[in-house]
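# A look at the structure
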Amino acid sequence: MQAHTIKQEALDAIQQLPDDASTEQIMYRLYVLENIRRGQQDAAKGDSQVAEELLKDIQTW
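Here is what the cut-offs are and how they apply
- Residues numbered from 1 in each chain as written.
- Predicted model: local features only at pLDDT ≥ 70, side-chain atom pairs only at ≥ 80, totals over all residues.
- Heavy atoms only, no water.
- Patch = residues over 30% accessible without salt bridge, like charges linked within 9 Å, V, L, I, M, F, W, Y side chains within 5 Å.
- Areas by Shrake-Rupley, 256 points an atom, 1.4 Å probe, with all protein chains shown as cover.
- Salt bridge = Lys/Arg side-chain N within 4 Å of Asp/Glu carboxyl O.
- Helix = DSSP H or I, 4+ residues; strand = E, 2+ residues; numbered from the N terminus.
- Buried < 20%, exposed > 50% of the residue type's maximum accessible area, 1.4 Å probe, protein only.
- Expected span 1.5 Å × (residues − 1).

### A word on a nonpolar patch on the surface
A cluster of nonpolar side chains, contributed by Tyr28, Tyr31, Val32 and Ile36, occupies part of the molecular surface with about 430 Å² of accessible area. Assignment of secondary structure puts isoleucine 36 in helix 2 (residues 23-45). For isoleucine 36, a relative accessible area of 46% corresponds to the partly exposed category.

Following this line, the structure appears as structure tokens:
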């Protein structure tokens, strides 16, 4: 099975939206998709924080 390209993933995400979706809804869907993709890449490279570290960082804000 061939891996989906980023373009195909974007098209699939847009296709799942209702026909009357606004440009804003489409852009938001693509924004979320991109951030998920980046998070998966970071996790695969080990460039992520565990939840406990993140919570400590948030408490210092």
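### Topic: helix 2
In a regular helix each residue adds 1.5 Å, so 23 residues correspond to 33 Å; helix 2 covers 33 Å between its end C-alpha atoms and thus fits that length. At the exit of helix 2 stands glycine 46, carrying a positive phi of roughly 80°.

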